[in-house]
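# Structural overview
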Amino acid sequence: MKGKTKRFSRAEWSWIFYDWANSVYATNVMAAIFPILYNKIADPTGSQLYGYAVSLANLAVAALAPLLGSIADFRGMKKKLWFGFMLIGAVFTGLMGLVGSWQLMLVGLVISRIGFSGSCLFYDSFLTDVTTADRMDKVSTWGYAMGYIGGSTIPFLISIAIMLVMDMNELSMRLAVLIVPVWWLVFSVPFMKHVHQISYVDTPRKELISSAWKNVWITARQIIKNKAVFFFLAAYFFYIDGVDTIISMATNYGDTLGLGTIGMVLALLVTQIVAMPCSILFGNWSRKLGALKLITAAVMMYAFITVVGFAMGFTVDFHDMLGLTAEAALTIGNVLFWILATLVGTVQGGIQALSRSYFGQIIPAERSGEYYGFMDIFGKFACVIGPALYELVYGLTQKASFGILSLILLFVLGGVFLLIGKPYFKAVEHERVG
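These numbers come from a predicted model, not from an experiment. Per chain, residue numbering runs from 1 following the sequence as it is written. In view of the model being predicted, local features appear only for residues whose pLDDT reaches at least 70, and side-chain atom pairs are presented and counted only at 80 or more, with totals across whole chains, interfaces and linings using the full set of residues. Values reported for side chains reflect all heavy atoms of the structure, with hydrogen atoms and water molecules removed beforehand.

### A word on empty space enclosed by the protein
Stated precisely, the cut-off is as follows: For cavity detection a 1 Å grid was placed over the protein atoms alone, and a set of points counts as a cavity when a 1.4 Å probe fits there but cannot get out; an open set counts as a pocket when protein lies on both sides within 12 Å along at least five of seven lines, with lining residues being those that have an atom within 4 Å of a point. Grid points are joined across faces, edges and corners, and a volume is the space filled by probe spheres set on the points. Comment: elements are numbered from the N terminus, with helices defined as DSSP H or I runs of at least four residues and strands as E runs of at least two. Note on residue classes: Ala, Val, Leu, Ile, Met, Phe, Trp, Tyr, Cys and Pro are nonpolar, Asp, Glu, Lys and Arg are charged, and everything else, Gly too, is polar.
A complete count under the given rule lists 3 cavities of 30 Å³ or more for this structure. Considered as a void within the structure, the largest cavity measures approximately 90 Å³ in volume. Lining the largest cavity are Ile246, Met249, Ala250, Tyr253, Ile305, Thr306, Gly309, Met312, Phe337, Leu340 and Ile404. Only α11 (227–257), α13 (291–317) and α14 (326–361) provide two or more residues apiece to the lining of the largest cavity. Of the residues assigned to the lining of the largest cavity, the class counts are 9 nonpolar, 2 polar and no charged.

In structure tokens form, the structure reads like this:
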């Protein structure tokens with residue numbers, strides 16, 4: 001039986017390898033290095049606009065995702081759209097490392113993030129083309145694992161080495177950004193050659209746009225009627241918001257507390273290293289425990305992570321009340337940041353990979369682009385709420401620690417929707433097994 005074979009097929013390996021190719025963007029551009037480079041160049045106005053630029057990119061992809069996903073479901077379109085967005089993302093990332101003004105860097109960031117996110121949308125939807133339902137958890141988690149070790153850790157280590165040798169100057173950070181498009185393009189070649197669209201909707205080309213719009217509304221109604229899909233997306237909306245906010249705000253939060261830049265970057269490297277084996281373990285455990293139980297456990301772990309993050313900030317913010325010197329409080333804060341980074345690594349890849357693969361198991365394969373387009377809407381619009389919640393509570397209390405603690409609300413709501421949808425999830429799993 002195809003689904004029972006232990007080795008990955010060429011198509012599965014090639015699909016997995018795109019995570020290896022594009023994850024360097026998530027690490028060097030989204031999380032660790034580019035934000036520091038940008039802050040060195042931008043004036044106060046530019047620094048304030050950074051968050052808005054990220055939100056704009058997320059909103060643009062979210063608005064386009066259902067229509068693009070619907071078009072991707074037509075014969076021969078998914079690969080073309082994936083390639084176009086991938087190329088846009090890589091090219092504009094390269095420009096970000098070359099231009100001198102923060103305004104052009106910000107434009108490059110918006111367009112490159114749209115390219116990156118768009119390519120990931122089509123990449124995710126290809127999961128139903130390259131493997132069978134019973135292998136999706138394994139293939140998806142291996143994708144994240146390879147992304148962490150190859151796409152993030154190896155080029156990230158090269159970037160750190162370059163920056164340390166060059167005393168963390170501007171040129172070293174630009175070189176770290178320029179590594180991204182080279183790595184991304186080179187390791188996308190296996191995907192280009194061996195991944196093909198198997199499931200599709202056959203529609204004449206002249207009817208693509210009209211049929212796409214029609215299918216978007218049909219799919220929206222089907223999602224509302226399908227309680228398993230609806231409650232899963234509702235849960236995903238909240239918990240993935242918390243996950244993405246923690247990823248994107250980690251260095252900003254640590255910098256606000258006064259933690260050392262090099263220490264934070266190295267701690268994030270630990271996250272990548274820990275995430276690789278843990279992602280594979282999640283895939284293996286899902287066969288025994290089920291993907292939903294592991295997703296729920298990961299949501300609970302993230303709730304605990306927000307408490308650790310709060311303790312880190314509370315120690316620094318209230319060191320006088322705790323009888324600590326400022327130096328001792330920063331030492332404890334740095335230790336807790338490393339603990340937080342390690343804990344994030346244990347569940348970050350697992351929750352993202354299993355969310356992607358479990359969703360693929362409860363949707364119709366021939367409309368995977370559309371459904372993943374709606375999943376992308378939930379993910380991208382959620383990314384607007386988390387940072388806003390953090391900034392709102394931070395602004396009201398003037399303490400970043402309370403801002404990070406407020407994110408626990410997102411994981412609580414995600415867990416509640418998983419609990420409400422449990423009977424519907426079981427019904428779908430029973431139907432699939434039957």
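Continuing now.
### Describing the confidence of the model for the protein
Cut-off, in case you're wondering: The predictor attaches a confidence to each residue, and that confidence, scored 0 to 100, is pLDDT.
Confidence in the prediction for the protein averages 85 pLDDT; 92% of positions are at 70 or higher. The secondary-structure element of the protein with the lowest mean pLDDT is helix α10 (residues 208–225), recorded at 74, while helix α17 (residues 408–420) shows the highest, at 96.

### Regarding the side chain of Ser159
For clarity, the threshold we go by: Think of it in three bands: with a 1.4 Å probe and only protein chains considered, a residue is buried below 20% of the maximum accessible area for its type, exposed above 50%, and partly exposed in between.
You can see Ser159 is positioned in helix α7 (residues 136–165). Accessibility expressed as a relative area gives 0% for Ser159, which makes it buried.

### What to know about unusual backbone geometry
A positive phi angle, close to 60 degrees, is found at Asp167, a residue other than glycine. Along the chain, the position of Asp167 falls in the loop between α7 and α8 (170–186). A positive phi is found at Gln398, a non-glycine position, where the angle reads about 60 degrees. Counting through the fold element by element, Gln398 comes out in the loop between α15 (368–397) and α16 (400–405).

### Section: the nonpolar core
Stated formally: Nonpolar core, defined: a set of buried Ala, Val, Leu, Ile, Met, Phe, Trp, Tyr and Cys residues in which side-chain atoms within 4.5 Å join the residues together. Residues are treated as being in contact if the distance between any of their heavy atoms lies within 4.5 Å.
Core analysis: the largest hydrophobic core is formed by 138 residues, its most contacted members being Trp15, Phe34, Phe232, Tyr239 and Phe359. Apart from residues lying up to four places away in sequence, Phe232 is in contact with Tyr239, Leu292, Ile295, Ser355, Tyr358, Phe359, Ile362, Met375 and Phe425.

### Focus: a nonpolar patch on the surface
Inclusion rule: Patch rule: a residue counts if its relative accessible area is over 30% and it has no salt bridge; like charges are joined within 9 Å, and nonpolar side chains (Val, Leu, Ile, Met, Phe, Trp, Tyr) within 5 Å. Under the convention used here, a 1.4 Å probe and the Shrake-Rupley method define accessible areas, while residue burial counts only the protein chains that appear. Any carboxyl oxygen of Asp or Glu that lies within 4 Å of a side-chain nitrogen of Lys or Arg is treated as forming a salt bridge with it.
Side chains of Phe83, Leu87, Val91, Leu95, Leu98 and Leu185 sit close together on the surface and give an oily, nonpolar patch of about 490 Å² of accessible area. Counting residues per element, the nonpolar patch draws most heavily on helix α4 (residues 77–98), which supplies 5 residues. Within the fold, Leu95 resides in helix α4.

### Topic: the packing of aromatic side chains
Our working definition: Stacked, tilted and edge-to-face pairs are distinguished by plane angle, under 30 degrees for stacked and over 60 for edge-to-face with tilted covering the rest, among Phe, Tyr and Trp rings (Trp via its six-membered ring) whose centres lie within 6.5 Å.
A complete count under the given rule lists 42 aromatic pairs for this structure. Taking 6.4 Å as the distance between ring centres and 55 degrees as the angle between the ring planes, the aromatic pair formed by Trp82 and Phe83 counts as tilted. By relative accessible area, which is 0% here, Trp82 ends up buried. With a relative accessible area of 36%, Phe83 lands in the partly exposed category. A centroid spacing of 5.4 Å and a plane angle of 75 degrees characterise the contact between Phe230 and Phe231, whose relative ring orientation is edge-to-face. Phe230 gets classed as partly exposed once you look at its relative accessible area, which sits at 31%. Residue Phe231 is classed as buried on the basis of its relative accessible area of 13%.

### Description of the environment of Ala328
Residue position: Ala328 is located in helix α14. Given the relative accessible area of 30%, Ala328 is considered partly exposed.

### Remarks on the environment of Arg7
Position of Arg7 among the secondary structure elements: in the segment before α1 (10–32). Its relative accessible area of 74% is what places Arg7 among the exposed residues. Dropping the residues within four chain positions of it, Arg7 is found in contact with Glu12 and Arg135.

### A look at α1
Operational definition: Helix span is expected to be 1.5 Å times the residue number reduced by one. At any given residue, the bend is defined as the angle formed between two axes, one fitted to the seven residues that end at that position and one fitted to the seven that begin there.
Helix length check: α1, at 23 residues, gives a terminal C-alpha distance of 33 Å against a target of 33 Å (1.5 Å per residue), a fit within 8%. The sharpest bend along α1 measures roughly 35 degrees and falls at Asn22. By the criterion of burial, α1 is predominantly enclosed, with 17 of the 23 residues buried.

### Re the pattern of salt bridges
This structure, assessed with the given rule, holds 5 salt bridges. Where Arg356 meets Asp124, a salt bridge forms, and the shortest distance between an N and an O atom there is 3.1 Å. Residue Arg356 is located in helix α14, and its partner Asp124 is located in helix α5 (residues 102–125); the two are separated by 232 residues in the primary sequence. Across the pair, exposure class does not vary: Arg356 and Asp124 are buried alike. The salt bridge partner of Glu170 is Arg174, with a shortest N-O separation of 3.0 Å. Taken together, the residues span about one helical turn, with Glu170 and Arg174 both in helix α8 at a distance of 4 residues. Exposure remark for Glu170: the relative accessible area of 38% places this residue in the partly exposed category. A single network of salt bridges, built from pairs that share partners, joins Asp19, Asp124 and Arg356.

### Topic: the environment of Gly147
With respect to the helices and strands, the residue Gly147 is situated in helix α7. By relative accessible area, which is 1% here, Gly147 ends up buried. Linking Gly147 and Met276, residues 129 residues apart in sequence, is a C-alpha distance of 7.9 Å.

### Thoughts on the packing of α13 against α17
Rules: Each axis is a line fitted through C-alpha atoms, taken for helices only over the stretch in contact, and angles between the N-to-C directions span 0 to 180 degrees. The cut-offs work like this: below 35 degrees is roughly parallel, past 145 is roughly antiparallel, 65 to 115 is roughly perpendicular, and the gaps in between are oblique. Note on convention: the crossing is left-handed when the near helix lies turned anticlockwise from the far helix by less than a right angle, right-handed when the turn is clockwise.
As a packed pair, α13 and α17 sit with axes 9 Å apart at the nearest point and diverge in direction by 160 degrees. Here α17 runs roughly antiparallel to α13, going by the angle between their axes. Both α13 and α17 take part in a crossing whose hand is left-handed. Contacts between α13 and α17 pair Leu292, Ile295, Thr296, Val299, Tyr302, Ala303, Thr306 and Val307 from the former with Ile408, Phe411, Gly415 and Leu418 from the latter. Along the lines of polarity and charge, the residues of the contact of α13 with α17 split into 9 nonpolar, 3 polar and no charged.

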